[in-house]
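Now for the letters of each chain:
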Amino acid sequence: MSATAETVRQVEEATGKYKYGFVTDIEVDKAPKGLSEDTIRMISAKKEEPEWMLEWRLKAYATWLKMDDPDWAMLNYPPIDYQDIHYYAAPKNADGPKSLDEVDPELLRTYEKLGIPLHEQEMLAGVAVDAVFDSVSVATTFREKLAEVGVIFCPISEAIKNHPDLVKAYIGSVVPQGDNYFTALNSAVFTDGSFVYIPKGVRCPMELSTYFRINEKDTGQFERTLIIAEEGSYVSYLEGCTAPQRDENQLHAAVVELVTMDDAEIKYSTVQNWYPGDENGKGGIYNFVTKRGACRGARSKISWTQVETGSAITWKYPSCILQGEGSVGEFYSVAVTNNAQQADTGTKMIHIGANTKSTIISKGISAGRSNNTYRGLVRMMPGAENARNFTQCDSLLVGDQCGAHTVPYITSRNPSAKVEHEATTSRISEDQMFYCLQRGMTTEDAVSLIVNGFCKEVMKELPMEFAVEAQKLIGISLEGSVG
Amino acid sequence: MPHDVVSFERLAADAASRYADNGWPGSKDEAWRFTNINAIRKTEFSPADTAITGTSSEINFIHFINGVHQPIDNMSFNDGIICQKLTDNAGLSSALAAAIPHGHHVADFALAHASDGLAITIDQVVDNPLQMIFDYSGDGISSHPVVVIKLLPGADLTILEEHKGDGAGLSAPVMLFCVEEGAKLHHARRLIESDQRYHLGLNLVQQKSKSVYSGDMVMAGGDITRSETQVSLMEADAQSYLNAVYLGRDAQMRDVTSRIDHDAPDCQSFQRIHGVLDNQSKAVFQGKVKVERYAQKTDGNQMSRTLILSREAEANTKPELEIYADDVTCSHGATIGELDSDQLFYLMSRGIGCDEARQMLIEAFLMDVVDALDDPKREWLIEPIEHWIKTRVS
């Protein structure tokens, strides 16, 4: 192939790369742009929320007004105009569909395009799905089956109405409203999200899944997820995200709170594939997310697995507060950045209880002109007797225009606690490439193979449904980065 | 690199105006987040008197009292060492002005109050080490020695540096080492000031092509002691070694901060930091390695290990990598923990008492850093380590 033809092919491929970049044309109910107490009252009224919830939101708003945008991350972006965003957008006939038949067929087609097993596939996949479209949760599948064992899996807006005691007891207990700028904003304006309650001793019979989709122009998505696992229970939760291709940046500021009691376990997996912007860094999602889990009970476990390939900007630190004796926190992460993407991501492991253990495996891959930062904190409190932490963060550089950074903070106040941290930075070696190429692989296949090998430790932690998708995503994200 | 000509007087005046604007760093300052210097901020220090008494006539020996060097006329040196006042060497005062990191609180404080400094040029291989002894005394007195040492191409020098003394004062030495093409600087520093003193030091190292800087430090004294080293690898094939041992007890604070800028290809940097913390002492090691886009084939390596001996001690580590070049090998490792119980058991099962076994293991952990050094550096650094271990109340 001539050099010109090769370039044309590459450009075509590159431009058609983000396959979720379509827009669904359905009628939408939108709040006017801007944020004020009135917007919050309106959101609360739309959601038919009780008075305490509105007060909670207004308190968060008051806190937010007093805070400043954080600037410590290695990220560059123009100031966000918080008055230029619609804080509420809902598909018009989404007011509580009784069954999937009542859901707008246009929406269902969207989910089909996204490959979400919402309809017929639900039986095959055996995954219960809650799909959040812009600000509203549109359909939750498998609810009856889950209800049989006592599992509650519903939009959080419904949980506020139907299970107010549970929501009241736990919301904001892991991530306080004023934790940071974006949690305060989220607490004030969150529109929907998922609520999961696993009763004592129940092993959730299937994997739970939420798909988030930002569709409408100029909207922000502020979802809130709350998962409570009572004593001895187990749940595996999957989360996926996509958005249309737009020239403007869109804001996504979510909060996820997890709570585990004695011997309970939550496995939380994310494949984040928000629109990353085009080759020149135009458009894309600003992803400012606060995720935190509290291991309150003894021997409880929270495991975060994330594959981050999307977003123009990623600001995200899924964390564990290891309070219960012998509790375990895990963080497995792959973050891929290409073109002009920027990611500042990592985790926090706060060891409070004795014999707590945490493992951090982070793999950062930077290509194009992107910057990828691992930022982590491991803190051993005085009570963390015999606690253990092992951290490994490896960075891979693809091309000489990108950056890979590592910023770990390690603090220990207990001599019996052991902390180990390792970090390496390297690139795909010429030998590895040569080996693959001389066996007839294309450059892109070779890169994809090598990178997937680099990430293997994390990929094996993903549930099967996600692992295949994630592998492909990594290949797609790095297309055009070598050669 | 040509600099604007900046006299020492102007350098000091500029620093004074910056210090007047910025003052001391606060806890929100990222570079100081683990080091609480409230005790220093609250004290009104008066700059040390510039008159100096008591001098030494030893060869290659420079004596500073409260930051003020003995008269140059009283000093004698081997061939190859040329010593001047910084006010008389515009070349080196300009180099210092250009090297001071922007908005550096400690550098601005020190330069604002320093009356003069030393400019030392080394133009050949010098076999005998150059000793610099900094003696401090007096309560509420701040001392600000300023030294610029330039090794011309091919020069080779060993520096033995010591900071000692008592009184509740503050020492804020600022030093710049310019290591030209192919030159080698071996630098051993021991900080053994008494327990009431505060020490905030800044060391700047600039390396040209094929130069070698090997800096080794033992930090054993002082109440709040911080040593910050910034190395800039400006030309290809330079090598930098930074090793440090820090020792903390009672309520002392130890801060070892380093920053290595790889600004040229094919350079190597190696750092090894071992710390031992006893009683209620606190420590931080924060080390940043930055590799610029054109600094290909960089080899950057950093290892930090901290041993905590007491339940109330606190160890903090922040090893940071910022990398913009792809063909590099960079790594860092960090561990924090107590003595290995298996090793302790091994020794005790052979009839060695618990306390003695602990001493042995602590000694081995610390010697690991300095044992491979050649004398006189080795001897210079082992002495304070052994003294510290001996006086440790187990």
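Here, the structure is the one placed above.
Quick caveat: nothing in here was measured; it's all calculated off a predicted structure. (Residues numbered from 1 in each chain as written. Chains lettered and ligands numbered in written order. Predicted model: local features only at pLDDT ≥ 70, side-chain atom pairs only at ≥ 80, totals over all residues. Heavy atoms only, no water.)

Draft legend 1. Highlighting the overall build of chain A. Looking only at helices and strands, chain A has 13 helices and 24 strands in total. Each of the 483 residues in chain A was classed as buried or not, and the buried ones make up 63%. A separation threshold of at least 6 residues defines the contact pool for chain A, and within that pool the share at least 24 residues apart is 84%. (Helix = DSSP H or I, 4+ residues; strand = E, 2+ residues; numbered from the N terminus. Buried < 20%, exposed > 50% of the residue type's maximum accessible area, 1.4 Å probe, protein only. Contact = heavy atoms within 4.5 Å.)

Draft legend 2. Expanded view of the pattern of salt bridges. Applying the stated rule across the entire model yields 41 salt bridges over all chains. Taking the shortest distance from any N to any O, the salt bridge between Arg311 of chain B and Glu385 of chain A comes out at 2.5 Å. In this pair, Arg311 of chain B sits in the loop between strand 20 (299-308) and strand 21 (314-323) while Glu385 of chain A sits in the loop between strand 21 (371-380) and strand 22 (388-398), so the two residues belong to two different chains. Among the residues examined, Arg311 of chain B registers a relative accessible area of 46% and is labelled partly exposed. A relative accessible area of 26% means that Glu385 of chain A is categorised as partly exposed. Look at the salt bridges and you will find they share partners, linking Glu30, Arg33, Lys288, Lys318, Glu320 and Glu322 of chain B into a network. (Salt bridge = Lys/Arg side-chain N within 4 Å of Asp/Glu carboxyl O.)

Draft legend 3. Spotlight on the nonpolar core. Ranked by size, the top nonpolar core spans 63 residues in total, and within it Leu208, Ile227, Leu258 and Trp304 of chain A together with Val291 of chain B carry the most contacts. Within the second largest apolar cluster, 41 residues are counted, among which are Phe8, Ile100, Ala110 and Val146 of chain B. (Core = buried A, V, L, I, M, F, W, Y, C linked by side-chain atoms within 4.5 Å.)

Draft legend 4. Up close: the pairing of strand 22 of chain A. All names here are of chain A. Most of strand 22 sits inside the fold, with 9 of its 11 residues counted as buried. Looking at chain direction, strand 20 (residues 357-367) and strand 22 are connected through 11 bridges and run parallel. Within strand 22, the residue paired with Ala367 across the bridge is Val398. For strand 22 and strand 24 (residues 418-427), the ladder comprises 10 bridges, and the chain directions are parallel. Across the sheet, the residue bridging to Phe390 is Glu420, located in strand 24. (Pairing = 2+ DSSP bridges.)

Draft legend 5. The arrangement of the packing of aromatic side chains in detail. According to the stated counting rule, one finds 26 aromatic pairs over all chains in the structure shown. For the pair Tyr61 of chain A and Trp64 of chain A, a centre-to-centre distance of 6.2 Å together with 25 degrees between the ring planes defines the contact as stacked. Here Tyr61 of chain A and its partner Trp64 of chain A are both found in helix 3 (residues 51-65), 3 residues apart, which amounts to about one turn of the helix. Judged by its relative accessible area of 8%, Tyr61 of chain A is buried. Sitting over the face of the ring of Phe454 of chain A, Lys363 of chain A holds its NZ or CZ atom 5.2 Å from the ring centroid. The ring of Trp32 of chain B carries Arg226 of chain B above its face, with NZ or CZ at 3.6 Å from the centroid. (Phe/Tyr/Trp six-rings, centres within 6.5 Å; stacked < 30°, edge-to-face > 60°. Lys NZ or Arg CZ within 6 Å of the ring centre and 35° of its normal.)

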